[in-house]
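# Examination of the molecular architecture
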Protein chains: 2
Amino acid sequence: MSEGARISQLAGLLAFDAPGIELGIGDDAAVLTSGPNGDRKLVWTIDEQVEEVHFRRDFLSWSDVGWRSYVAAASDVAAMGAVPWCALSAIVLPSDVSDQDLGEIGCGQRDAAMALGAPIIGGNLSRGRSLTIATAVLGTCVRAVRRVGACDGDGLWLAGSVGIARAGLEALLRGLGEQTRLAPALAAWRRPRPYIAEAVAMGPSAHAAIDVSDGLACDVGHMASASGVRIVIEEAALLADPVLCDVADALGQRASDLALYGGEDYAIVIASDVDVAGFRRIGSVRVGSGVALASCDGLRELEPKGFDHFG
Amino acid sequence: MSEGARISQLAGLLAFDAPGIELGIGDDAAVLTSGPNGDRKLVWTIDEQVEEVHFRRDFLSWSDVGWRSYVAAASDVAAMGAVPWCALSAIVLPSDVSDQDLGEIGCGQRDAAMALGAPIIGGNLSRGRSLTIATAVLGTCVRAVRRVGACDGDGLWLAGSVGIARAGLEALLRGLGEQTRLAPALAAWRRPRPYIAEAVAMGPSAHAAIDVSDGLACDVGHMASASGVRIVIEEAALLADPVLCDVADALGQRASDLALYGGEDYAIVIASDVDVAGFRRIGSVRVGSGVALASCDGLRELEPKGFDHFG
């Protein structure tokens with residue numbers, strides 16, 4: 001299939017209407033009226049998923065590859081308290097990814113786009129050695145919530161689960177993908193959930209926010225250092241997640257290690273002095289620096305380790 | 001160097017102020033006030049440059065790689081009559097590209113950003129097997145000029161040169177890069193010029209526009225089929241470019257073939273019924289379909305061939 005035919009195939013799959021989009025796939029660029037609501041801010045990010053770095057094709061379907069690539073990118077927009085508006089997708093295709101495979105990637109992207117309410121309105125296709133999907137996402141918000149802003153006395157709150165996606169990847173790496181108890185973990189890694197309603201809910205009141213892509217200890221560490229505060233995570237709050245405890249048990253791993261160091265759940269963590277719908281409290285913000293875990297054994301400083309592409 | 005250190009290095013290189021940018025590199029996403037001018041439209045594109053597909057590292061400097069990747073993407077924004085506002089850059093780095101090399105890529109991106117007046121305000125770094133740079137560019141305009149809209153009776157107008165970049169690539173492929181006569185061709189391929197003033201000038205009056213990335217015959221063919229018209233290119237007008245004729249002569253190639261089928265100059269072609277500053281007339285729009293070349297031998301139909309990644 002020619003480049004033009006492939007683009008037409010994807011355009012047919014991906015097109016749907018959304019406010020403020022004047023022109024989608026098919027010209028040199030997409031055209032947007034400036035913001036679906038006049039007074040809003042734009043929040044803009046790009047994320048890239050690379051085969052053999054972010055995923056292995058024997059671990060998930062092509063449609064999962066498409067879903068993950070979009071939800072991972074949209075998560076950075078949600079983590080600013082913004083709602084995804086639309087996206088562009090640039091795909092590098094190796095010759096062993098067929099037209100049908102590309103169609104399935106597009107189906108996964110479209111499923112994510114429908115779940116996010118934000119269509120993919122343009123992109124680029126290129127040949128290359130490794131399958132690579134770069135997704136640029138525009139979102140809108142009234143107020144952008146940054147990593148900086150957490151204050152002494154704030155609570156630390158979590159929307160979603162942490163550690164379960166990592167348990168899913170572990171299960172796949174160890175060939176345990178067929179175990180029924182691990183099914184929620186596989187689903188969490190293959191099809192991470194977007195947290196858009198939670199992003200909207202936290203917008204007005206959160207002092208700081210970040211999404212958990214590299215691991216809770218690492219990402220909360222970014223918030224602590226950006227805000228110039230110390231953050232204490234309660235182990236008991238992490239262990240209050242029955243799915244996490246069950247998949248950890250099935251793998252013979254410590255649930256708190258999975259929760260602290262497992263990435264790719266794309267949960268959202270905020271610092272706030274009020275309760276926010278969809279979030280549960282998992283710790284507190286204090287004067288000082290660093291990140292610590294509070295358990296029945298006392299306080300333990302956490303290394304801000306997580307996934308570093310260049311570590 | 002860690003991922004964080006690499007991002008800091010690039011952030012230091014790439015940051016500069018521009019209107020409407022509230023938050024740049026360093027958080028989950030960039031934050032923009034919606035349009036630097038309230039009433040404008042947003043024009044949005046993504047382009048990707050892949051090593052061994054779009055460039056060979058022995059053919060240009062790292063800084064050229066950075067420049068080209070940004071200007072190629074910005075060209076799609078200019079081709080809609082829009083002015084680049086800001087950009088995001090996602091880079092996949094193989095292990096044999098050093099920190100210093102990455103810094104030079106960043107310098108080239110920054111040089112292009114300064115030339116375009118549009119800073120790079122965020123991005124993503126990932127490991128991978130092939131050096132790949134995806135650039136997403138947001139631009140603004142009052143009116144977006146599309147490929148559809150060319151009318152019978154319009155003139156076909158060109159800003160910039162065509163065929164010269166391809167001559168530069170040919171020179172490099174044949175090991176003729178040292179020939180003084182070919183220096184303008186090498187420069188055209190390595191450091192394509194952005195045509196922003198011309199994009200602004202054509203905005204109010206152009207009926208249709210496209211940038212020449214794959215080759216004049218191919219890209220004008222896109223305009224003809226989108227607009228439902230026939231376009232006739234005048235060979236004499238193409239040959240009125242003395243640099244093109246000189247580099248074609250140095251290579252022993254037909255200048256009109258280079259002009260019709262050579263890509264990557266990122267010139268802009270428009271259909272318009274009035275003269276536009278910065279553009280010269282190279283043909284006309286008629287009733288019918290297809291693209292033809294008018295020469296002293298008569299009319300010759302052109303195949304819409306050009307660079308197809310999947311052809």
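Residues numbered from 1 in each chain as written. Chains lettered and ligands numbered in written order. Predicted model: local features only at pLDDT ≥ 70, side-chain atom pairs only at ≥ 80, totals over all residues.

Secondary structure summary: chain A contains 10 helices and 13 strands in total. Counting the 311 residues in chain A, one finds 59% classified as buried. Looking at chain A alone, contacts between residues at least 24 apart form 83% of all its contacts between residues at least 6 apart. (Helix = DSSP H or I, 4+ residues; strand = E, 2+ residues; numbered from the N terminus. Buried ≥ 20, exposed ≤ 12 C-beta atoms within 10 Å, placed from the backbone. Contact = placed C-beta atoms within 7 Å.)

Further remarks concern the domain arrangement of chain A. Residue and element names in this part refer to chain A. With domains assigned, chain A is organised as domain 1 (3-141) and domain 2 (155-302). Using only C-alpha atoms to locate each centre, domain 1 and domain 2 end up separated by 26 Å. Facing the 20 residues of domain 1 at the interface are 18 residues of domain 2. With 9 residues, the single largest contributor to the side of domain 1 that touches domain 2 is helix 2 (residues 62-78). The residue inventory of the side of domain 1 that touches domain 2, partitioned by class, reads 15 nonpolar, 2 polar and 3 charged. (Domains from an automatic or database assignment. Nonpolar A, V, L, I, M, F, W, Y, C, P; charged D, E, K, R; others polar.)

Here we take up helix 7 (residues 216-227) of chain A. All names here are of chain A. Taking 1.5 Å per residue as the helical rise, helix 7 with its 12 residues ought to reach 16 Å, and the 16 Å between its terminal C-alpha atoms agrees with that figure. Taken across its 12 residues, helix 7 has 10 buried, putting it largely inside the fold. Considered for burial, the residues of helix 7 that qualify are L216, A217, C218, D219, V220, G221, H222, M223, A224 and S227. Looking at the packing, one finds that the buried side of helix 7 touches strand 8 (208-212), strand 9 (230-234), helix 10 (255-261), strand 10 (267-272), strand 12 (291-295) and strand 13 (298-302). Remark: G228 follows helix 7 within two positions and exhibits a positive phi of approximately 70°. (Expected span 1.5 Å × (residues − 1).)

Residue and element names in this part refer to chain A. Contact geometry of helix 4 (residues 164-173) with helix 5 (residues 183-190) gives a least axis separation of 7 Å together with a crossing angle of 105°. Put simply, helix 4 runs roughly perpendicular to helix 5. Two secondary-structure elements touch here, helix 4 through I164, A165, A167, G168, L169, A171 and L172 and helix 5 through P184, A185, L186, A188, W189 and R190. Class assignment of the residues belonging to the contact of helix 4 with helix 5 gives a composition of 11 nonpolar, 1 polar and 1 charged. (Axes fitted to C-alpha atoms, helices over the stretch in contact; angles between N-to-C directions. Parallel < 35°, antiparallel > 145°, perpendicular 65-115°, else oblique.)

Looking now at unusual backbone geometry. Residue and element names in this part refer to chain B. Notably, E52 is not glycine yet its phi reads approximately 75°, a positive angle. Accessibility expressed as a C-beta count within 10 Å gives 12 for E52, which makes it exposed. For Y266, which is not a glycine, the phi torsion comes out positive at approximately 60°. Relative to the helices and strands, Y266 resides in the loop between helix 10 (255-261) and strand 10 (267-272).

Across soluble globular proteins, you tend to see nonpolar side chains buried next to one another. Counting residues in each nonpolar core, the largest one holds 215 residues, and the members touching the most others are A209, V269 and I270 of chain A together with A209 and I270 of chain B. For V269 of chain A, the contacting residues outside a window of four places in its chain are L156, L158, A209, I210, V212, D219, V220 and M223 of chain A. (Core = buried A, V, L, I, M, F, W, Y, C linked by C-beta atoms within 7 Å.)

Once that is clear, we can look at the sheet that holds strand 8 (residues 208-212) of chain B. Residues and elements named next belong to chain B. The strand order across the open sheet formed by 7 strands is 8-10-7-11-9-12-13, and the pairing between neighbours is mixed. Each edge of the open sheet carries a strand with a single partner, namely strand 8 and strand 13 (298-302). Each neighbouring strand pair of the sheet contributes to a mean axis angle of 30°, computed without reference to strand direction. Inspection of the sheet shows strand 12 (residues 291-295) paired to strand 13 by 5 bridges, in the antiparallel sense. When the sheet's bridge partners are listed, V291 is paired in strand 13 with L302. Packed onto the sheet, helix 7 (residues 216-227) meets strand 8, strand 9 (230-234), strand 10, strand 12 and strand 13 and runs at close to 155° relative to strand 8. (Pairing = 2+ DSSP bridges.)

Another aspect to go through is the packing of helix 2 of chain A against helix 3 (residues 99-116) of chain A. Residue and element names in this part refer to chain A. Packing of helix 2 against helix 3 brings their axes to within 6 Å, and their N-to-C directions diverge by 40°. On the basis of the axis angle, helix 2 is oblique to helix 3. Two packed elements cross with a definite hand, and for helix 2 against helix 3 that hand is right-handed. Touching W62, S63, D64, V65, G66, W67, S69, Y70, V71 and A74 of helix 2 are D101, E104, I105, G106, C107, G108, Q109, D111, A112, A113 and L116, all from helix 3. (Left-handed = near helix turned anticlockwise from the far one by under 90°.)

Attention now goes to the sheet that holds strand 7 (residues 155-159) of chain A. Strands belonging to one sheet form pairs held by backbone hydrogen bonds; the direction of such a pair is parallel or antiparallel. All names here are of chain A. Strand order in the open sheet formed by 7 strands is 8-10-7-11-9-12-13, and the pairing between neighbours is mixed. The sheet is open, and its two edges are formed by strand 8 and strand 13, each paired on a single side. The average angle at which neighbouring strand axes cross in this sheet is 30°, direction not considered. One ladder, built from 4 bridges, connects strand 7 with strand 11 (residues 280-286); its direction is antiparallel. The residue of strand 11 that forms the bridge with W157 is R281.

Mapped onto the elements of the fold, L88 of chain A is located in strand 4 (residues 83-93). Setting aside residues no more than four positions away along its own chain, L88 of chain A makes contact with I120, I121, G122, G123 and A136 of chain A together with W44, I46 and A136 of chain B.

To continue, consider helix 4 of chain A. All names here are of chain A. The buried fraction of helix 4 is high, at 9 of 10 residues. Along helix 4, the positions that sit buried rather than exposed are I164, A165, R166, A167, G168, L169, E170, A171 and L172. One or two positions beyond helix 4, positive phi appears at G175, with a value near 70°.

Residues and elements named next belong to chain A. Judged by how many residues are buried, strand 4 sits mostly within the fold: 11 of 11 residues are covered. Relative to strand 6 (residues 132-141), strand 4 is paired through 9 bridges, and the arrangement is antiparallel. Directly across from A90, in strand 6, lies its bridge partner A134. Where strand 4 lies against strand 5 (residues 120-127), 7 bridges are found, and the strand directions are parallel. Looking at the pairing, I91 lines up with L125 of strand 5.

On to the environment of S61 of chain A, then. Residues and elements named next belong to chain A. Along the polypeptide, S61 turns up in the loop between strand 3 (41-50) and helix 2. We classify S61 as partly exposed; it has 16 C-beta atoms within 10 Å. Between the alpha carbons of S61 and D101 there is a distance of 9.2 Å; along the sequence they are 40 residues apart.

This paragraph deals with the environment of I196 of chain B. Residues and elements named next belong to chain B. Relative to the elements of secondary structure, I196 occurs in helix 6 (residues 196-202). Exposure remark for I196: the 21 C-beta atoms within 10 Å place this residue in the buried category. Expressed as a C-alpha distance, the spacing of I196 and E234, which sit 38 residues apart in the sequence, is 25 Å.

Considering every residue of chain A, the mean pLDDT works out to 90; 89% of them sit at 70 or more. Note on the complex model: pTM 0.92, ipTM 0.90. (pLDDT = per-residue confidence, 0-100.)

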